[in-house]
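Residue strings, one per chain:
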Amino acid sequence: MAGNSRGRAPGDYISVPPNAAAHVDAYFEYRAIVGDDDGGKLFTPEEYEAYKRRVLPMRLHNRVFVAWVNPQGMDCILIGPQHKCLCRHKFSEHKTDFPEIPHERPILISCRQPGCRCVSFEYVANASGTSDPNCRCKHSLDTHGTRPPYKCQKNCNCTGFSAPFTCTCGESANKHITLVETKEERERRGHPTGYATPYKAMGGLTGFSSLAEGYLRLDPSGRGRPDDDFLNQPITAMDHPILRAHASMDPNSAEAQSQLRRPGESELDYYERRYQERQRLSRGIRPAPNPYDTNAQLKTGVRYDRSPPRRITGNDNEYQNRSNIVATRIYIITFLFVLISIIVTLWLTVEINSITINNPTQEQFHTFPHDSQCPCSQLSLSYGTFVTLNEKFHQVCSSDFVSDRWIQMLFTGSNTSNFYQSDIRLMGSSSFQVLASLCHLAKKRVQADLNSLYASQFISTNILYDNLLQLTVEASILEFKLTMSFLFQSQLHLINQMMFANQLMPARETTFHLYFYDQLYAESTTLSIIERVFLGANNSYCLCSGNYSCSEQSGIYSINITNNSLTKSSIVSLMTIPGFLAGCTSIHSLMQSTLECFYDQLCLNTILSYITNEDNFTAMSEFELTHFQTNSTIQTIVDQMMLEDLTYNISYEKYFAQCKPLTCTYMNMKRRDFVYILTKIIGLLGGLTIVLGLLIPLIVRYIRNRRLQNESTRKTSLRIKFIEYKSRMSHIFKELNIFKTNSNNNCYTNYERQITRIFILLLITSFTTIIIYLLSTEDIYRKSIVNPNETTYMKLKQQYHDYVSCPCTQLSTSYEKFLSITPIYHEICSSDFISSEWMDFLALFTSYTMVADLRYEINLLAQFNILNTFCMSTAQTIEDARRIFLQNQYVTSEIIDEDIFRNHISSLIDNWKANIQNQYVRLIDFIRETNQGNKLINYLHNIDFKLNLTTKEMHYKSLNYSNCSCDLFSSCTMPIVNALPRRLSFGYSPSSLNIPNFFIGCFPTEALFQSTLECFANQTCLNNMIEYIYAIYFDYVVPKNFIILNITDQQQNETIETIINRLMVNSWIENISFSSYYNSCAPVCTYEYKSYRRLIVVLSTVIGVFGGLAKGLKLLISIIIICIEDLVTINSFASVTQLMKCIFYVNNDQTRMNRLHFLFLLITLIILYLVSYLSIQTKTIEINQPSLSIYEDLVRQYPEKLECSCSKISIEYETFFRIKPRFHQLCSSDFISNDWIVYIYKNNNQSISEDSQKILLGQYQLLASFCQLSKETVENAILQLATTDYINMKLIPINRFYEQVYKIKDDFELRTVQSFINILDLIREMTANNLLMTMHSTNWKHTSIQRTARYWDYQTISMKYNQCDCGLSPKCIHSYRNMTFGCYSLETLLQSTLQCFYNQECIDSMQYFQALNFSTNKSQFDINSTVEFILEKLFIEEYYLDISYDNYFNQCAVSSCSYSLCGNGNPIDTAVMLIELFGGLSIISHWLIIGIVRFHQYLKQRQIKLEMS
């Protein structure tokens, strides 16, 4: 039919499909969504869906609102798709969809039409609304430009387009602006944003009201709500029907009487009368008085029958009155009982409220419960911002005895041969140098560690209470003290042990003495050795070759040297210094000494009398001692870092100020408040009045009637009773008429009954809906259990998960209460090979191997002594570290989940094991490298003493092992093969001793490290070794059968260095007891759970709601009926006016009461609504497993309130944070290679002597070693950090994440450098102040003293550089031809620069090695920077950081995110509350208004009486 439309005759119809309307609607929706984006060609369904997937998220989430706004902020015009821009294009032709809201303001909405230069949409102000307006310059819009300032193109003086009309708001059009804003910005202005819409270019439209101009709209974007004066006008007959209906609720009011048809009055007369009444009201004329008396008894035609009730008999009247009296009494009793019972029960129940306090003060915070959540605005705080530590060192560190004056006074220089080995004049200077260095090192390390502690971060996600903060910080300080002292004493102990293990030679000849005896017929150049013997306290002799701890009492001795004897005789003790010992080395003897004499001025003066009469020195005061005693050993004092006391102060005020919580949230459990109880009383008043008013009369009447029936009638069957009851109920339901008006019109009566049924249906439906809502909604409840057992806790945690909180009653506990760590050591440390029997057996065999006229000592006893030393050292180190670690306090405010606890403790154990292992191995590496670099002497291991027979001058000759020079490498070794004993049994020539993979070398430790235990796990090899030694001493009986090691083949082949590097430990046994931790915590558990509302709360609410619904629905339906009746009568505008006047017209007290009642009730409900709904309430919103993009959006919206829980609590740093250092170019150059070292060693530089060249060799070796040690230290630290677990229960926001990572990096850099420098300083001081001699005599040298014609003694004298004595300072240096020489290679190197390495002629004129290029790489170091300065930076130029928040987020595996919003109350709960209150408020307001009106009448009558009188 559509195709023949041209020929269609009039009256024909067009046939369309049944679903044509749906297609039309779909097209309109398509066009509203797409607009003209399809280019005039409809999208295919696939294209349409793809288009919606692309643009709908932008329109729903990134919508911008556009309005034409006047200076007062009113949105005069809300821009829609058809509004036009100054560029002559519609708003829909501009860019309105944004993938992301621009950050720049204002937001530009550019035109998308080709060729248009419009920058942003500007609304065309148009008064007529039909055509484009003209500018004030009288030219049309088309003659103006399309870009700001839209100048006129007619060469007039127009500076820009300006509309010439005034807006309806009263402001001129050119004072308005086109405002583009986001949803959040618009809401901050208080303007509505409506619902999200998918339609295109909606601009500022949020509903139909948006089409009106601003002065017509009553929402906040327009004119706004009317003022209170308008709303509080009295109600008259001219008011709205709803108001008049409420005013006519009282049938005695004049308005109610006027609304009724009078007897005999026709319908036409009724409407005419009502019209005239309204006309009179509109003219201000009072209506004529009602001719009918309100109390008249009308017989016919009345709406309200006020005739008296039917006359009943006296008996019936008496029975009815009795029933009413009984019902009234029962009603009052029941009403009061139920009301009081419900109120008391509600008052006794506890409610939980979430309370949030913004920017709490410290005083407020201390009033909050201890489970309050107060996130710190700063995630991490530096300890130094709120913690202060004050150290007090032992007074010896500030006394005269560590001063240069005292040390120089004791120093005897080259005059050593005249003093006994234990004379303080010989060993005192060195001992007090060591003491001074220990004081210096302790002070430096304490200060450095304090700075490190101050800079370290105290992680505090939530602010802590003062007692918990106190315990936490005290635990950190205790750990700080224990760790600091442990590191110092363990490092010092290992250095001392390595000194003994390597048999390093002190300059004061306290270990052995050299002499030469000229044999007549032999030209031997070998010197003889006398080992020093010390007489111990138990009169036992001790040799330094077996133990460097040998010592004896020091003092002042007098000796005489005989002319023909090799021994010192006539040793006379002139004075004994109490507690002060002499021994093999200064450090070993000093650690066993006490300072008793130096607290006694008399003792001190006696010492001085033998040394000097010029200087005065003051003894220390024993009264200043607080922690130590006068007889405390130096070892005891050093173990405490020389600290007499270490006090601390924790400022909670500073901590609170640094943390600065923005909000505090806590759950408050308390009884119901007065407002809640009052609300329930009001609600119950209406409900109980109706319910009891209906039920009790019926029950009383039923019971009393039943008694009468039982007395007067016979019993009937149950079936008949049921039929009668059913019939009676059916009749009651059919005849029920709540809105009865006594009308005789049957149609009207049926109409009222239908309305009654509708009322009952609405009442039941609404009541049922509210009951279902009340029964289905859940509230949060909280319950506490004191000291639950672990099983109960596990069940609670499994059932309630994160809603269980168990604060500990004991906040801190030591690790040892729930943790045990047991090392399983290598079998060698418990074998026969470190037993005294084995050592005594090996003491029989000491061999010399002669190679090229040089002696090489083979001392198996020394090797196994070293092995035993390392077994004891590692065991002692582990035991001390374990003891200190287990003494640390584990501080937790509440119980931690078992998985988190075990992961955390396991991570701490792994870090602890890695720390002690790295510290031990790194210290050994330092010692090995510095010993080699300093070229320290190790007699018959790296040098042999050689003599010039002519001059009797002695020099040191470096040994070679397998063509490897000890001058070149410390790792030179050779196997123990072809070793012959020093002496043989008579007539016996044994075969040589071969021990596979067991070596001797430049240093005993180096040889031992490269050896294996292969032979000692092989019975045949061990038997051959025993038989060899047994054969030498044929009369010697082997003390026992030595048992071989029971180790695997792999363990047999591993080097001893590998075993030592793991601290001689094969495995660890760790036992973490969560039960012990749980019991020591002794928690009090509180858990929150959701459950249906309590029965008493639901019951009280249901009763109140029933009363409110009954009264409210009845009132609402009555108003609707009256409005319908009044609307039917309206036939002209005048009748409408008359109706409105009648609504507000007051003609009697009853009308006035009704209107006051209505206004009071309305105002009360509005106030309650505002208080309940608009009051700020905290709502918690939870999002499960959000993606990173969702999380970022949440962070932007709720930066301070968002909390996200991680499902993975332990994350390794390497998964999201990596550090890569860039080292100084020297450390990657050829100058640290072995090729360079060998080149320097073999190259004969004519400009310097061979000895000087070898001295420089030590500096180059140290430089290469420091580069390597720096790299290893940093790499180990990075590896340890990377494998360290970051315990992460809550996701950190990205800004705090980067802040914390950078602080971790700074702390890592500080600690790494500090640990390196601490070790280096300790080695430097111990090497120098123990006067250890060097291979090239750079600090001390031997000189000969002829005692007889054939006997020469050799004593040591210190070297001097530029009047600086190496015996007093190790830092003496002098320069020669761009080269620096000094006491030690290490000290010389640290004071040197790398300037020569940048000069080709200086470093290598032969150009085999290229000099460094300063301009190649950017460096933070200057050419003239000293090596010490560069070393303090670990040769690191800079760190490169690779930080990935995405990886951190993925590793965290966020389980849920929650945030709290402060918003309005629940609208459903608010509505239920208003309904609940309505019934009670109706009753209260009714009686209150009656009282007010009666009181007003009383005052008025009293006034009249006064006037009349």
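Residues numbered from 1 in each chain as written. Predicted model: local features only at pLDDT ≥ 70, side-chain atom pairs only at ≥ 80, totals over all residues. Heavy atoms only, no water.

S.K.: What am I meant to see in the overall build of the protein chain here?
M.R.: Each helix and strand in the protein chain was counted, giving 40 helices and 42 strands. The 1509 residues of the protein chain split such that 48% are buried. Here the contacts in the protein chain between residues at least 6 apart in sequence split such that 77% fall between residues at least 24 apart. Roughly 75,800 Å² of accessible area belongs to the protein chain as shown, and the carbon and sulfur atoms make up 53% of that amount. (Helix = DSSP H or I, 4+ residues; strand = E, 2+ residues; numbered from the N terminus. Buried < 20%, exposed > 50% of the residue type's maximum accessible area, 1.4 Å probe, protein only. Contact = heavy atoms within 4.5 Å. Areas by Shrake-Rupley, 256 points an atom, 1.4 Å probe, with all protein chains shown as cover.)

S.K.: How do you make sense of the sheet that holds strand S29 (residues 1084-1092) when you look at a structure like this?
M.R.: The sheet built from 3 strands is open, its strands ordered S17-S29-S18 with antiparallel pairing. The open sheet has two edge strands with one neighbour each: strand S17 (778-786) and strand S18 (804-805). (Pairing = 2+ DSSP bridges.)

S.K.: Even after reading the chapter, I still don't get helix H23 (residues 898-933), so can you show me in this structure?
M.R.: The α-helix winds at 3.6 residues per turn, so residues separated by three or four positions along the chain end up facing the same way. Over its 36 residues, H23 runs 51 Å from end to end, which matches the ideal 52 Å to within 8%, given 1.5 Å per residue. With its phi angle positive at about 55°, lysine 935 sits one or two positions after the end of H23. (Expected span 1.5 Å × (residues − 1).)

S.K.: Sorry, what's going on with the state of the cysteines here?
M.R.: Covalently bonding the sulfur atom of one cysteine to the sulfur atom of another cysteine gives a disulfide. Applying the stated rule across the entire model yields 18 disulfides. Two residues, cysteine 397 and cysteine 439, share a disulfide whose sulfurs are 2.1 Å apart. Sign of the S-S torsion, about -75° for the bond between cysteine 397 and cysteine 439, identifies this disulfide as left-handed. Pair noted here: cysteine 397 is in the loop between strand S7 (387-393) and helix H10 (404-410) and cysteine 439 is in helix H11 (residues 424-455), with a separation of 42 residues, a long-range link. Here cysteine 1015 connects covalently by a disulfide to cysteine 1021, the sulfurs 1.8 Å from one another. In this structure the cystine formed by cysteine 1015 and cysteine 1021 twists about its S-S bond by roughly -100°; its chirality is therefore left-handed. Judged by its relative accessible area of 13%, cysteine 1021 falls in the buried class. As a non-bridged cysteine, cysteine 158 has cysteine 135 as the owner of its nearest cysteine sulfur, 3.8 Å distant. (Disulfide = S-S within 2.5 Å.)

S.K.: When you look at the pattern of salt bridges in this model, what are you seeing that I'm missing?
M.R.: Where charged atoms of side chains with opposite charge meet at close range, the side chains can pair. Throughout the structure, instances matching the rule amount to 40 salt bridges. Among the salt bridges present, the one from aspartate 132 reaches lysine 84, with a minimum N-O distance of 3.4 Å. Highlighted residues: aspartate 132 in the loop between strand S2 (75-78) and strand S3 (177-182) and lysine 84 in the loop between S2 and S3, separated in sequence by 48 residues. What makes lysine 84 partly exposed here is its relative accessible area of 30%. One salt-bridge network, in which partners are shared between bridges, spans Lys444, Asp1321, Arg1324, Glu1387 and Glu1428. (Salt bridge = Lys/Arg side-chain N within 4 Å of Asp/Glu carboxyl O.)

S.K.: Explanation requested: the packing of helix H20 (residues 790-800) against helix H28 (residues 1074-1081) in the structure shown.
M.R.: Pairs of packed helices are described in terms of their axes, by the angle between the two and the distance that separates them. Where H20 meets H28, the closest approach of the two axes is 11 Å, and the angle between their N-to-C directions is 95°. Between H20 and H28, the angle is such that the two are roughly perpendicular. The residues of H28 that touch H20, namely those facing Glu790, Tyr793 and Met794, are Phe1074, Ser1075 and Tyr1078. Looking at the contact of H20 with H28 residue by residue, the classes come out as 4 nonpolar, 1 polar and 1 charged. (Axes fitted to C-alpha atoms, helices over the stretch in contact; angles between N-to-C directions. Parallel < 35°, antiparallel > 145°, perpendicular 65-115°, else oblique. Nonpolar A, V, L, I, M, F, W, Y, C, P; charged D, E, K, R; others polar.)

S.K.: Please clarify how unusual backbone geometry should be interpreted in this entry.
M.R.: Generally, phi is negative for residues other than glycine and the peptide bonds are trans, each holding for most cases. In the segment running from arginine 105 into proline 106, the intervening peptide bond is cis, with an omega of 5°. Of note, proline 106 is situated in the loop between S2 and S3. Notably, alanine 1082 is not glycine yet its phi reads approximately 50°, a positive angle. Position of alanine 1082 among the secondary structure elements: in the loop between H28 and S29. One non-glycine residue, glutamine 1185, adopts positive backbone phi at about 45°. Relative to the helices and strands, glutamine 1185 is located in the loop between strand S30 (1177-1184) and helix H32 (1188-1197).

S.K.: Mind showing me how you'd approach the sheet that holds strand S36 (residues 1351-1358) here?
M.R.: Note on sheets: strands pair through backbone hydrogen bonds, and any given pair is parallel or antiparallel. Spatially, the 4 strands line up as an open sheet ordered S10-S9-S36-S35, and their pairing is antiparallel. The outermost strands of the open sheet, each flanked by one partner alone, are strand S10 (528-531) and strand S35 (1340-1346). When strand polarity is set aside, the average angle formed by the axes of neighbouring strands in this sheet is 35°. For strand S9 (residues 512-517) and S36, the ladder comprises 4 bridges, and the chain directions are antiparallel. Its bridge partner lying in S36, tyrosine 515 is registered against aspartate 1353.

S.K.: Sorry if this is basic, but what is going on with the nonpolar core here?
M.R.: Core analysis: the biggest nonpolar cluster contains 266 residues, and Trp406, Leu438, Phe598, Phe1016 and Phe1266 have the highest contact counts within it. It is helix H12 (residues 466-501) that contributes the most residues to this core, 17 residues altogether. With sequence-adjacent residues up to four places away left out, phenylalanine 1266 is seen in contact with Phe926, Phe1316, Leu1320, Leu1386, Leu1389, Leu1431 and Phe1435. Counting 26 residues, the second-largest nonpolar core is a separate cluster that includes Trp68, Cys76, Ile77 and Cys167. (Core = buried A, V, L, I, M, F, W, Y, C linked by side-chain atoms within 4.5 Å.)

S.K.: How should I be thinking about the confidence of the model for the protein chain in this particular structure?
M.R.: Any region with low pLDDT has predicted coordinates that should not be read closely. Mean pLDDT over the protein chain stands at 80; residues scoring 70 or higher make up 84%. Averaged over each element, pLDDT in the protein chain is lowest for strand S4 (residues 236-238) (58) and highest for strand S1 (residues 64-69) (94). Per-residue pLDDT stays below 50 along residues 1-7; that stretch engages in 2 contacts with residues further than four places along the chain or on separate chains. Note that residues 563-568 has pLDDT below 50 and, in this model, 11 contacts with residues that lie over four places away or in other chains. (pLDDT = per-residue confidence, 0-100.)

S.K.: Explain the side chain of arginine 445 here, please?
M.R.: Among the structural elements, arginine 445 can be located in helix H11. Only 2.9 Å separates the side chain of arginine 445 from the side chain of glutamine 491, close enough to count as a polar contact. (Polar contact = N/O pair within 3.5 Å; in protein donor to acceptor, adjacent residues only side chain to side chain.)

S.K.: I'm lost on the packing of aromatic side chains in this one. Help?
M.R.: Each pair of aromatic rings is reported with the distance of its centres and the angle of its planes. Overall, the coordinates contain 79 aromatic pairs when judged by the stated rule. Where tryptophan 406 meets phenylalanine 432, the ring centres are 5.4 Å apart and the plane angle is 80°; that geometry is what we call edge-to-face. Residue tryptophan 406 is located in helix H10, and its partner phenylalanine 432 is located in helix H11; the two are separated by 26 residues in the primary sequence. On the numbers, 5.0 Å between centres and 40° between planes, the contact of tyrosine 815 with phenylalanine 885 is tilted. Remark: phenylalanine 885 occurs in helix H22 (residues 860-887) and tyrosine 815 occurs in the loop between strand S19 (812-814) and strand S20 (819-825); sequence separation between them is 70 residues. For the pair tyrosine 815 and phenylalanine 885, one class covers both residues: buried. (Phe/Tyr/Trp six-rings, centres within 6.5 Å; stacked < 30°, edge-to-face > 60°.)

S.K.: Help me out: how do you make sense of a nonpolar patch on the surface in this one?
M.R.: On the surface, Ile332, Leu336, Ile340, Val344, Trp347 and Leu348 cluster together into a nonpolar patch covering about 560 Å² of accessible area. Position of leucine 348 relative to the elements: it lies in helix H8 (residues 314-348). You can call leucine 348 partly exposed: its relative accessible area is 47%. (Patch = residues over 30% accessible without salt bridge, like charges linked within 9 Å, V, L, I, M, F, W, Y side chains within 5 Å.)

S.K.: Sorry if this is basic, but what is going on with the side chain of asparagine 1318 here?
M.R.: Looking at the secondary structure, you find asparagine 1318 in helix H35 (residues 1294-1329). Contact partners of asparagine 1318, with chain neighbours within four places excluded, come to Arg445 and Asp449.

S.K.: Looking at this structure, how should I read the environment of histidine 493?
M.R.: By the element assignment, histidine 493 lies in helix H12. For histidine 493, a relative accessible area of 35% puts it in the partly exposed group. Between the C-alpha atom of histidine 493 and that of isoleucine 587, which follows or precedes it by 94 residues, the distance is 10.0 Å. Of note is the side chain of histidine 493, whose polar atom sits 2.8 Å from the side chain of glutamine 497.

S.K.: Hey, could you run me through the packing of H11 against H35 in this one?
M.R.: In the contact formed by H11 and H35, the axes pass within 10 Å of each other and the chain directions differ by 175°. Between H11 and H35, the interaxial angle falls into the category roughly antiparallel. Considered class by class, the residues forming the contact of H11 with H35 number 10 nonpolar, 9 polar and 7 charged.

S.K.: Teacher, can you tell me more about H22 here?
M.R.: With 28 residues, H22 ought to run about 40 Å at 1.5 Å a step, and its terminal C-alpha atoms sit 40 Å apart, in line with that. Judged by how many residues are buried, H22 sits mostly within the fold: 20 of 28 residues are covered.

S.K.: Is there a simple way to explain the environment of serine 831 in this structure?
M.R.: Tracing the backbone through its elements, the reader meets serine 831 in the loop between S20 and helix H21 (836-842). Given the relative accessible area of 14%, serine 831 is considered buried. Taking the C-alpha atoms as reference points, serine 831 and isoleucine 1044, 213 residues apart in sequence, are found 8.0 Å from one another.

S.K.: Sorry if this is basic, but what is going on with the environment of serine 830 here?
M.R.: On the secondary structure map, serine 830 appears in the loop between S20 and H21. In sequence terms serine 830 and cysteine 871 are 41 residues apart; their C-alpha atoms lie 8.9 Å from each other.

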